[in-house]
Amino acid sequence: MHVRRFSLPLSACAALAVLAAAPLHAATPEEKAVLAPFQTLLDGIGKRDHDMMRSALLPGGMITLTRADKTQQLHYDAFIEHIPATGTQKLEERIHDPLVKIDDNIAIIWTSYEFLVDGKVDHCGTDIAHLVKQNGKWLIAGIADNGRKECAPAK
C-alpha cells in the first residue's frame, strides 16, 4: 500500500478538521447561519468527503496557509485534492470563542484553534474565513490560517 505524505496541506486540513469537532458558539441566528458553512467544511474534512467540503465553498476561492514564515496559497480544488479520501488518522480541530462579524451580505469568522491528530495537539493558531451570502445562502469565499507548534495545553 502506497501512502502519500502531505505536510503543509494536511496540517491545514487537520487544523480545519479540528474545527469540525468543536461546537461553534454564536449569539444570534444569523451568526449561526454564518458559522454553518464553516462547520460543514470541517465536517467534510473529518469525514474526508470532498463533495461536502465543496458545498460550503464559493467556487474560485482560495486558502492561504502560513507555517514558519512560509506562505502557500491554494485554490479550493487543489486544497480539497490534498485531503486524502481515506486514512486511519483521526483529524480534529477545536476552536475557541469564534468572533463573527456581519454586514448585510458579507461576514467574517476569526477564531483560535488547536489541531489534533489521533487525539494529540499537532499545531495551533488562528483561522479566518470570509463569507458572502448568495441567494440566501452563506458560502466561504476565502480562508487564511496560521499555525505553530508551540501551543498552550488544550482547553
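(A) How the structure looks around the environment of Met53. By secondary structure assignment, the location of Met53 is in helix α3 (residues 50-55). Sequence separation of Met53 and Asp43 is 10 residues, and the distance between their C-alpha atoms is 7.8 Å. In this structure, Met53 is in contact with Leu41, Gly44, Ile45, Arg48, Ile80 and Ile83, ignoring residues within four places of it in sequence.

(B) Examining the sheet that holds strand β2 (residues 70-75) more closely. In space, the 6 strands of this open sheet follow the order β2-β1-β6-β5-β4-β3, with mixed pairing throughout. Two strands in the sheet have a free side with no partner beyond their single neighbour: β2 and β3 (91-103). On average, adjacent strands in this sheet sit at an angle of 20 degrees to one another, irrespective of strand direction. By the bridge criterion, 6 bridges tie strand β1 (residues 57-67) to β2 in an arrangement that is antiparallel. Bridge pairing links Met62 to His75 in β2.

(C) How the structure looks around the confidence of the model for the protein. On average, the protein scores 83 in pLDDT, and the residues at 70 or more come to 82%. By mean pLDDT, helix α1 (residues 8-21) is the weakest element of the protein at 45, and strand β6 (residues 137-147) is the strongest at 97.

(D) Broad picture of the environment of Met52. If you trace the backbone, Met52 turns up in helix α3. Note: C-alpha distance between Met52 and Thr40 (12 residues apart in sequence) is 6.8 Å. Setting aside its immediate chain neighbours within four residues, Met52 contacts Thr40, Asp43, Gly44 and Lys47.

(E) Just the nonpolar core, in detail. With 24 residues, the main nonpolar core has Leu41, Ile109 and Ile140 as its most contacted residues. Only α2 (29-47), β1, α4 (76-81), β4 (106-117), β5 (120-134) and β6 provide two or more residues apiece to this core. Of the residues forming this core, the biggest block, 6 residues, is contributed by α2. One finds Leu91, Ile95, Tyr113 and Phe115 within the second-largest nonpolar core, a separate group that totals 5 residues.

(F) Geometry of the pairing of β5. Strand direction decides the pairing type here: β4 and β5, joined by 12 bridges, are antiparallel. Across the sheet, residue Ser112 finds its bridge partner in β5, namely Thr126. Taking the residues between adjacent antiparallel strands as the criterion, β4 and β5 are bridged by 2 residues, where Asp118 takes a positive phi near 50 degrees.

Reading guide: rules and limits
Residues numbered from 1 in each chain as written. Predicted model: local features only at pLDDT ≥ 70, side-chain atom pairs only at ≥ 80, totals over all residues. Heavy atoms only, no water. Helix = DSSP H or I, 4+ residues; strand = E, 2+ residues; numbered from the N terminus. Contact = heavy atoms within 4.5 Å. Pairing = 2+ DSSP bridges. Axes fitted to C-alpha atoms, helices over the stretch in contact; angles between N-to-C directions. pLDDT = per-residue confidence, 0-100. Core = buried A, V, L, I, M, F, W, Y, C linked by side-chain atoms within 4.5 Å. Buried < 20%, exposed > 50% of the residue type's maximum accessible area, 1.4 Å probe, protein only.

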